[in-house]
Amino acid sequence: MDEQELQLNTAVTETYDEDSIQVLEGLQAVRKRPGMYIGSTGPRGLHHLVYEIVDNAIDEALAGFCTQVNVQILPGDIITVRDNGRGIPVGMHDKMGIPAVTVVLTVLHAGGKFGGSGYKVSGGLHGVGSSVVNALSEWLEVEVSQDGKVHRQRFARGDIATELEVVGETDQTGTLITFKPDPEVFTETTVFEFEILERRLRESAFLNAGLRITLDDLRIEAEPIQKEFCFVGGIASFAEFLNNNRGLTPLHDEAIHLTTVVGDKSAEVALQYNDSYNELLLSFANNVNTSDGGTHVNGFKLALTRVFNDYGRKFKYLKDNDKNLSGDDVREGLTAVISVKLTDAQFEGQTKGKLGNTDMTKIVSDMVYAKLMTHFEENPSVAKAIFSKALDASRAREAARKARDLARKKAGTGEGGALPGKLQDCTEKNPEVTELYIVEGDSAGGTAKKGRDPRYQAILPLWGKMLNVEKARLDKVIGNEKLIPVVLALGTGIDEDFNIEKLRYHKVIIMADADVDGAHIRTLLLTFFFRYLRPLVEEGYIYIAQPPLYRVSRGRKHHYAFSDAERDALLAEMGEGCDIQRYKGLGEMDADQIWETTMDPSFRTILRVTLEDAIAADETFSILMGDKVEPRREFIEQNAKKVKNLDI
Ligand code: TTJ
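Note that the structure is predicted; figures quoted are calculated from it, not measured. (Residues numbered from 1 in each chain as written. Predicted model: local features only at pLDDT ≥ 70, side-chain atom pairs only at ≥ 80, totals over all residues. Heavy atoms only, no water.)

A. Region of the structure containing the overall build of the protein chain. Helices and strands together make up the secondary structure of the protein chain, namely 21 helices and 23 strands. Oriented by its inertia axes, the alpha-carbon framework of the protein chain measures out at about 80 × 80 × 45 Å. Of all 648 residues assigned to the protein chain, the portion counted as buried reaches 51%. Total accessible area computed for the protein chain in this model is approximately 30,400 Å², and 49% of it derives from carbon and sulfur atoms. In the protein chain, 77 side chains carry a positive charge and 99 a negative one; their mean positions are 7 Å apart. (Helix = DSSP H or I, 4+ residues; strand = E, 2+ residues; numbered from the N terminus. Buried < 20%, exposed > 50% of the residue type's maximum accessible area, 1.4 Å probe, protein only. Areas by Shrake-Rupley, 256 points an atom, 1.4 Å probe, with all protein chains shown as cover. Lys, Arg positive; Asp, Glu negative; His and termini not counted. Charge placed at Lys NZ, Arg CZ, Asp CG, Glu CD.)

So this is what it looks like as structure tokens:
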């Protein structure tokens, strides 16, 4: 971060000749260490290039000069981004003596530093500027329509390929950027995923009410895909979309939308409750997602809890003897979007995902307290629906507390030292090296027990119907007889007791059959981990075992296949007279087979479950485990591959 800023300052204050050298060095640095500028050179970084360009156009929209942004994916995964703004200035840059548009595209971090334009770069996670995109593109072309002329310039890997020239006349204004990500940089893939761009562009459209953003996928000429995002309702539409899209039923028809402006800062919140037990709170500062919250989120939570308790006392939802509702109570089933705009946003924390500006707490909490209180007073039926849910949540939390106390007493020690009877523990105690296999079915559990390495592999068999935590409240989850052994074996405790330091195994491996039932139990367990023990997922402790689908043998030789394609390849390789055994489940393997295929660290493959995108994962679980059939059917049809890969 510091390094990039330093580079900018030197680049714009030195004399022209020195500048040119600086410019060169700047972009070479980007090509040398692209990860430093865009996070990764994987699919994430690749898609980031598009956001980086689009965000410039959105800044022009925020400034009030642009009403639409069009994004296209062309054959060859070439991207075009067009806006109808004023166009990047083509005049000479005062200090650099080259056109300003050339500076924007060749000087690191030059985007926001135009004298007098009043232009603010929305500082983000990587908010690095379009020059970085230029540096990481095999080629990039800019076309500016301004003052009746079309100006064009081309670059190759960040270097000027053609000088800026007038190529035509126009009565429009705007900027068009076309670029091809460099396969020398993006070695893993240069193929864009429509859904990833769609998700992010839709989000941008929600965050900028009224802005029209289009996305066209023109890679297959015969099958163009075209989408348009434009939401007059802004973040209120966003909150409603988030509920709808997850197949959740709202408790009130329209999201509550609260806004305020204080000096040069603005804040808005949209909230809509649904009938689930989950909370989804998205927050943004200057359109940048603040995934770790911060002062604006604190202000919101603080005021929300106060509103519920003050309103509850005043209108007798809470009796004199009742305890206050907790933050968790009043956020059960809440979907909320918080968006603040400020000139001097400070992004803190390791991933810069947390807003630090202290005055935002009061700005947001004052607004939410006053305006939500008024909203409840003016809409008592909405207040009633929301309130009765919070009261139910409070009762469930109290019941959960009692259940937990009881469990603690039963365990005797209060430290929860007791291990479940079904657990076949390992002898090694150092969690760094131990593994817990959670195995579906008693018989597979028995086989795994015989096949394992008992020094560091523990087995916990699960059987019978697993609880769907998506449809149960905390008290039912905590008291669930199928889940208690899981939590006891892990050692971490749950909810208020949760402590990741106590995790007894640093690999927790779900081992289920490679069939529909196996997929179901995997999803149920993953949902439980995601909702109640999320740090285990975030820290990468959860894995999925990959049992083979076939055993292909000939004479005394045998090989295993993990897919139909692998089976066919083996058959071709081993020739005539092969014997194929199809494993319908783990139960069909003997102890040696289960060890050598699925548990032996030197042979097995286990998939680590990671949390790339918590919002997407939330959506997946809500849809898969919720009670609406239609969204589930649709989701499975659209994501058949992803669900199978457990790519949450
Ligand atoms: C700068 O200040 C004077 C008026 O124009 C301002 C400007 O830069 N506007 C602008 C930039 N509009 N659109 C862009 C832009 C659009 C795309 C698609 C990509 C980039 C890098 C900039």
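B. Highlighting the packing of helix α4 (residues 43-62) against helix α7 (residues 194-207). Following both chains from N to C, one finds α4 and α7 inclined at 25°, their axes separated by 11 Å at the closest point. In terms of their interaxial angle, α4 and α7 are classed as roughly parallel. Judged by the sense of rotation from one axis to the other, the crossing of α4 with α7 is right-handed. Side by side, α4 and α7 meet where His 47, Val 50, Tyr 51, Val 54, Asp 55 and Ile 58 of the first sit next to Ile 196, Leu 197, Arg 200, Leu 201 and Ser 204 of the second. The residue inventory of the contact of α4 with α7, partitioned by class, reads seven nonpolar, two polar and two charged. (Axes fitted to C-alpha atoms, helices over the stretch in contact; angles between N-to-C directions. Parallel < 35°, antiparallel > 145°, perpendicular 65-115°, else oblique. Left-handed = near helix turned anticlockwise from the far one by under 90°. Contact = heavy atoms within 4.5 Å. Nonpolar A, V, L, I, M, F, W, Y, C, P; charged D, E, K, R; others polar.)

C. Layout of the sheet that holds strand β20 (residues 550-554). Pairing is antiparallel in the open sheet, where three strands are placed in the order β21-β20-β22. Strands at the two margins of the open sheet, each flanked by one partner only, are β21 (557-561) and β22 (579-582). Neighbour-to-neighbour, the strand axes of this sheet turn through a mean angle of 20°, independent of strand direction. By the bridge criterion, four bridges tie β20 to β22 in an arrangement that is antiparallel. Its bridge partner being in β22, Val 552 is matched across the sheet by Ile 580. (Pairing = 2+ DSSP bridges.)

D. Fine view of the side chain of Glu 141. Along the chain, Glu 141 falls in strand β3 (residues 137-146). According to the relative accessible area criterion, Glu 141 is buried, its value standing at 16%. Separated by 2.8 Å, the side chains of Glu 141 and Arg 154 make a polar contact. Discounting residues that sit within four places of it in the chain, Glu 141 has contacts with Arg 152, Gln 153, Arg 154, Leu 176, Ile 177 and Thr 178. (Polar contact = N/O pair within 3.5 Å; in protein donor to acceptor, adjacent residues only side chain to side chain.)

E. Molecular detail of the pairing of β3. Burial runs high along β3: nine of the 10 residues are buried. Direction of pairing for β3 relative to strand β6 (residues 174-181): antiparallel, over a ladder of eight bridges. Bridged to Ser 137 within β6 is Pro 181. Both β3 and strand β4 (residues 149-156) contribute to a ladder of eight bridges, which runs antiparallel. Counted as the bridge partner of Leu 140 is Phe 155 from β4.

F. A look at the pairing of strand β7 (residues 212-217). Within β7, five of the six residues are buried, leaving the element largely enclosed by the surrounding structure. Across six bridges, strand β1 (residues 68-74) lies against β7 in parallel orientation. Along β7, the bridge assignment pairs Ile 73 with Asp 217. By the bridge criterion, five bridges tie β7 to strand β8 (residues 225-229) in an arrangement that is antiparallel.

G. Region of the structure containing the packing of aromatic side chains. Taken as a whole, this structure holds 17 aromatic pairs when the rule is applied. Following the ring pairs from residue to residue traces out a cluster consisting of Tyr 273, Phe 308, Tyr 311, Phe 315, Tyr 317, Phe 376 and Phe 387. The positively charged end of Arg 86 is found above the aromatic ring belonging to Phe 65, 3.7 Å away from the centroid. One residue, Arg 534, lies across the ring of Phe 530, its end atom 3.8 Å from the ring centre. (Phe/Tyr/Trp six-rings, centres within 6.5 Å; stacked < 30°, edge-to-face > 60°. Lys NZ or Arg CZ within 6 Å of the ring centre and 35° of its normal.)

H. The arrangement of the packing of helix α13 (residues 442-451) against helix α19 (residues 591-599) in detail. Relative to each other, α13 and α19 sit at 80°, their axes nearing to 8 Å. Taken together, the axes of α13 and α19 are roughly perpendicular relative to one another. Contacts from Ala 444, Thr 447, Ala 448, Lys 450 and Gly 451 in α13 reach Ala 591, Ile 594, Trp 595 and Met 599 in α19.

I. Local environment of the side chain of Thr 102. If you trace the backbone, Thr 102 turns up in helix α5 (residues 100-106). Looking at Thr 102, its side chain comes within polar contact range of the side chain of Gln 153, at 2.7 Å. Those residues in contact with Thr 102, other than ones at most four positions away along the chain, are Gln 153, Phe 155 and Ile 160.

J. Geometry of the nonpolar core. Residues Val 69, Ile 79 and Phe 179 are the most contacted members of the largest nonpolar core, which totals 60 residues. For this core, the element with the highest residue contribution is α4, accounting for nine residues. Look past the residues within four positions of Phe 179 in its chain and what remains in contact with it is Leu 49, Val 50, Ile 53, Ile 78, Ile 79, Val 133, Ser 137, Trp 139 and Leu 140. Formed by 45 residues, the second largest nonpolar core is a distinct cluster that contains Val 469, Leu 525, Ala 617 and Leu 624. (Core = buried A, V, L, I, M, F, W, Y, C linked by side-chain atoms within 4.5 Å.)

K. Main features of α7. The terminal C-alpha atoms of α7 lie 20 Å apart, and with 14 residues this matches the ideal 20 Å at 1.5 Å per residue to within 8%. Most of α7 sits inside the fold, with 11 of its 14 residues counted as buried. Among all positions of α7, only Phe 194, Leu 197, Glu 198, Arg 200, Leu 201, Arg 202, Glu 203, Ser 204, Ala 205, Phe 206 and Leu 207 are buried. (Expected span 1.5 Å × (residues − 1).)

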